[in-house]
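Descriptive structure summary
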Amino acid sequence: MKANYPHYIPFFRDISDGAVESFFTHSGGKGFINVADPIKKMKGSTKDIIDPLESIIRNTVAFTKAIERNNVGKRIVKIAETPGMGDLLEKVTGNATSKDSTFSVWIDGKKQVYSTTPELHKAFNMLNEDTSNFYVNLLSKPASWLRAGATMTLDFSAANLIRDTASATLFSKNGFIPVVDQIKGLYHYLNRDEVFQEYIDSGAANASLVSLDRNYLGGKVRQMLDHQSKWQKLPKNPIKILQAISEASEISTRLGEYSNIRAGYTGRFNRFFGEHKPLSVKDAALKSRDITLDFGRMGSKTRGYNKMTAFFNAAIQGTDKFVREFRANPGQMAFKTAMLITVPSIVCWYLCKDDERYQELPQWEKDINWIIPTKNELIKIPKPYEAGILFGTVFERALQYAHDKEKGQETVGFKGVGGLILDNAFPSFIPTAILPMFEWLANYSIFRDRNLVPLSEEKLPAKYQYGNNTSYVARKVGELTNLSPRKIDNAIYGYTGGMGKLTNELIDSVMGLSETRPAKKFSEYPVIRRFLATPYKSSNSEQIIRGAYEEQE
């Protein structure tokens, strides 16, 4: 082979626009047994050839994975050499087949076949049953749209940075200092220095939520071969800039913690005093991945649900991480959550309890943010998902309930708290493709806990069901199809997240619709609105009255 093809170039064909994951795993699988031979025969095809530079990297990954996975398989079959283990594993002849729980392992260049139990066969093979399921692949498209649309906005990146700060401070055992270590991590990321390269080589960066597509990977490959300076290589395309910002917000916290671990810090005090105990690259990678949510941590069954339901695995990993930390260090975690979550929540509520602007904010907005009142604005600080709701929002709701009862006022009380806790602690089992349809039929937004079409518009013809802020696109589609523009907007945002909202706002401006609306307040502009509330825009009192009216009707 080497004599005939001294300069080997792979010619993989472009079969689909699949993600990097499927491109990398297509020829290798995931199990430790039945490892396929990565060397393929040359066959003709009329399909386009994938950039050979990408294919060379793909080959490098595929061969390395095949070797390493087969090494695990070789260690597994050593069980067969142990006396008395024949009922679990034994060497046999013939061809491997899952029907009789036999499998093959490469030893000295030859396939050796072994027999085991069905349970062990499944574990060794790391079965992933969803990969060839047509319906799973079909339902996965809307979930991938929402993941991309929700994460590739400045609003998400900024809010995510704050949540990661709280999580890292809560979970770190290596002296993580909020803001300081994130700036340090961001410096390593932008400078592409030795710490960053070591971090990337360790595999720690694979914990990121931001998924990379083939085009993004291809750009990275060409950057590596480009002789421009690192500053000249910075992205200039708007989409790539958003990808880079999202990536930076994800990686800066973990990279700051990684550098702390490699420096040997064991606490905040130890950073300045005492002996430092640096850990290995592998240990630092594992610990830094787990400092916030490790999105690469996923079970074989979860993988299928996560394809269909955006952020399904994120919800599982968030709850799992919280439970693991509490189980390992109950006293320490109780103290940390009290100081970092409960106390700030109580203080913020006391500052706001007599502020009418706060009382009239929609309940969902108060539930997921800490609100800090100033003379002219209400500042919103995103809470961590699980800890923020359980140890922050619940206490705020209790205080508000007592406050309303004391004043004899109508109160939301604990309505919806159970659902809120469940929504944050456990993933939704409704596929992303179906959820906007369900909300459409029910005329109800699960996230905002209110009707899509308000009572004042319910009896109007569907195409007239819109308000000042309904998008131009939704109005035009509603006009042509006689469907509710409010429901159309909700469906668009349900499939595209914040990116869909920003796109609609841009179209509104181009078409002149924005000029017909009331002038925007400072707190209503993109990014700013994520951190400043707009009082009375959607009054809480109005929602209470509407709820009471619906019950009576």
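Every value quoted in this text rests on a predicted model; they were computed, and no experiment measured them.

With the rule as written, the count across this model stands at 13 aromatic pairs. Summarising the aromatic geometry, the rings of F326 and F391 are spaced 5.8 Å apart at their centres and angled 5° between planes, so their arrangement reads as stacked. Of this pair, F326 sits in helix α12 (residues 312-328) while F391 sits in helix α16 (residues 385-407), and the two are 65 residues apart along the sequence. Just above the ring of F171 sits the side chain of K321; from NZ or CZ to the centre is 5.0 Å. Between the NZ or CZ atom of K366 and the centre of the ring of Y358, over which it lies, the distance is 4.9 Å.

Right, let's talk about the state of the cysteines for a bit. Summed over all chains, the structure comprises zero disulfides. Looking at C352, it has no disulfide partner, and the nearest cysteine sulfur is the one in C348, 6.5 Å off.

What follows is about helix α9 (residues 238-263). Here α9 contains 26 residues, and its C-alpha end-to-end distance of 36 Å stays within 8% of the 38 Å for a straight helix at 1.5 Å per residue. At I251, α9 shows its maximal kink, close to 35°. Directly beyond the C-terminal end of α9, a positive phi value near 90° is found at G264.

Moving on to the confidence of the model for the chain. Summarising the model, the chain shows a mean pLDDT of 83, and 88% of its residues fall at 70 or more. Note on residues 17-27: pLDDT under 50 across the span, and 23 contacts to partners over four residues away in sequence or across chains. The low-confidence segment residues 128-132 (pLDDT under 50) makes 12 contacts with residues lying over four places distant or belonging to another chain.

A separate point is the sheet that holds strand β8 (residues 532-533). Taken in spatial order, the three strands make up an open sheet running β4-β5-β8, and their pairing is antiparallel. Each of the sheet's edge strands pairs with one partner strand only, and the pair in question is β4 (369-373) and β8. Here two bridges tie strand β5 (residues 378-382) to β8, and the two strands are oriented antiparallel to one another. Its bridge partner being in β8, L378 is matched across the sheet by A533.

A separate point is the pairing of β5. Burial along β5 is one-sided: L378, K380 and P382 are buried, and none of I379 and I381, which face the opposite way, are. Bridge count between β4 and β5: five bridges; the pairing is antiparallel. Bridge pairing links P373 to L378 in β5.

Criteria and thresholds
- Residues numbered from 1 in each chain as written.
- Predicted model: local features only at pLDDT ≥ 70, side-chain atom pairs only at ≥ 80, totals over all residues.
- Heavy atoms only, no water.
- Phe/Tyr/Trp six-rings, centres within 6.5 Å; stacked < 30°, edge-to-face > 60°.
- Helix = DSSP H or I, 4+ residues; strand = E, 2+ residues; numbered from the N terminus.
- Lys NZ or Arg CZ within 6 Å of the ring centre and 35° of its normal.
- Disulfide = S-S within 2.5 Å.
- Expected span 1.5 Å × (residues − 1).
- Bend = angle between axes of the 7 residues up to and from the residue.
- pLDDT = per-residue confidence, 0-100.
- Contact = heavy atoms within 4.5 Å.
- Pairing = 2+ DSSP bridges.
- Buried < 20%, exposed > 50% of the residue type's maximum accessible area, 1.4 Å probe, protein only.

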